Each structure stands twice: as C-alpha cells, then as structure tokens.
Amino acid sequence: QVQLVESGGGSVQAGGSLRLSCAASGRAFSVIAMGWFRQGPGKEREFVARISWRGAITVYADSVKGRFTISIDNAKNMVYLQMNTLKPEDTAVYYCAADSTYSGGYTKAQDYDYWGQGTQVTVSS
C-alpha cells in the first residue's frame, strides 16, 4: 500500500500562484510514476500532469502546459505541482495519484492505483 497526503491548496486571485505538495509513504519504492488530477464542480476527474518516479519524464494536459510544473524529490518521497498564472477555470479539488502497475496509459484515473484525499484550489476572478 502507498499512502498519499496532499497539502498546499487554498484561495487565490486570477493570475496568482500556488504550490501543491504530495507526501508519499508506505511502499513508495513500488511507485513507477506520480500524477496530479483535478475535479471541478460538476465535472469529471481530469488529468493534469504526470512525472516518472526518477523525474526524467513529465507530461502535461494541454490546459495547463506552460503554466504548471510537476516535480519530484525522491529523497523525501514528495511530489509538487507549481501552479502559475492561475485562472478561474483551474478551480477544482486537486488529487495526487500513484501508478505502481503501469498499464500503458496515464491520463485516466484507472491508470493509477493509489489516491490522496484531495486539496481544494479556488481561483477567483
């Protein structure tokens, strides 16, 4: 089992920045990659970004490319999501996820095995 705990959410005005953190514990050595997803009001959970466990490969959703940066600190088992130039449409609950059984995909929730409880991000105009 891998336990994930997110932190760093909050409220910010459009154009502002937030940094989300995700702490992984338990069998973190089994993780292949980490991802961030988000779920806005009345919307389905959507892929935001993914990073391989060693940090060599990153992938972003088009909607956040150039504004968000995912990073990883293996020594601390921490994953981060730096969010800049935030927009009201970024408002959502953000979830950290761990992939320990790579299935070939990475943008769907079912591609990940473990989830955090989520952290709310609210961007006001």
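Up top is the structure.
Residues numbered from 1 in each chain as written. Predicted model: local features only at pLDDT ≥ 70, side-chain atom pairs only at ≥ 80, totals over all residues. Heavy atoms only, no water.

**Q** Got a minute to help me understand the pairing of strand β11 (residues 119-124) in this structure?
**A** Residues in a regular strand point their side chains to alternate faces of the sheet. Burial of the side chains of β11 is restricted to one face: Thr119, Val121 and Val123 are buried, whereas none of Gln120, Thr122 and Ser124 on the reverse face is. Note that strand β2 (residues 10-13) and β11 share four bridges and pair parallel. Along β11, the bridge assignment pairs Ser11 with Thr122. Where strand β9 (residues 92-99) lies against β11, three bridges are found, and the strand directions are antiparallel. When the sheet's bridge partners are listed, Tyr94 is paired in β11 with Thr119. (Buried < 20%, exposed > 50% of the residue type's maximum accessible area, 1.4 Å probe, protein only. Helix = DSSP H or I, 4+ residues; strand = E, 2+ residues; numbered from the N terminus. Pairing = 2+ DSSP bridges.)

**Q** In this structure, what is going on with the sheet that holds strand β8 (residues 78-83)? I would like to understand it.
**A** The four strands lie next to each other as β1-β3-β8-β7, forming an open sheet whose pairing is antiparallel. Strands at the two margins of the open sheet, each flanked by one partner only, are β1 (2-7) and β7 (68-73). Looking at each pair of strands side by side, their axes are set apart by 15° on average, direction ignored. (Axes fitted to C-alpha atoms, helices over the stretch in contact; angles between N-to-C directions.)

**Q** How should the packing of aromatic side chains be read in this particular structure?
**A** One pair of aromatic rings is described through two measures. These are the centre distance and the angle between the planes. According to the stated counting rule, one finds six aromatic pairs in the structure shown. Pairing Phe37 with Tyr112 gives two aromatic rings, centres 5.1 Å apart and planes at 80°, and the pair type is edge-to-face. Note that Phe37 is positioned in strand β4 (residues 33-39) and Tyr112 in the loop between β9 and β10 (114-115), a separation of 75 residues in sequence. Overall, Phe37 belongs to the buried group, its relative accessible area being 0%. Ring geometry for Tyr95 against Trp115: centres 6.4 Å apart, planes inclined by 80°, an arrangement best described as edge-to-face. One end of the pair, Tyr95, is in strand β9; the other, Trp115, is in strand β10, and 20 residues separate them in sequence. Taking relative accessible area as the criterion, Trp115 reaches 26% and is therefore assigned partly exposed. (Phe/Tyr/Trp six-rings, centres within 6.5 Å; stacked < 30°, edge-to-face > 60°.)

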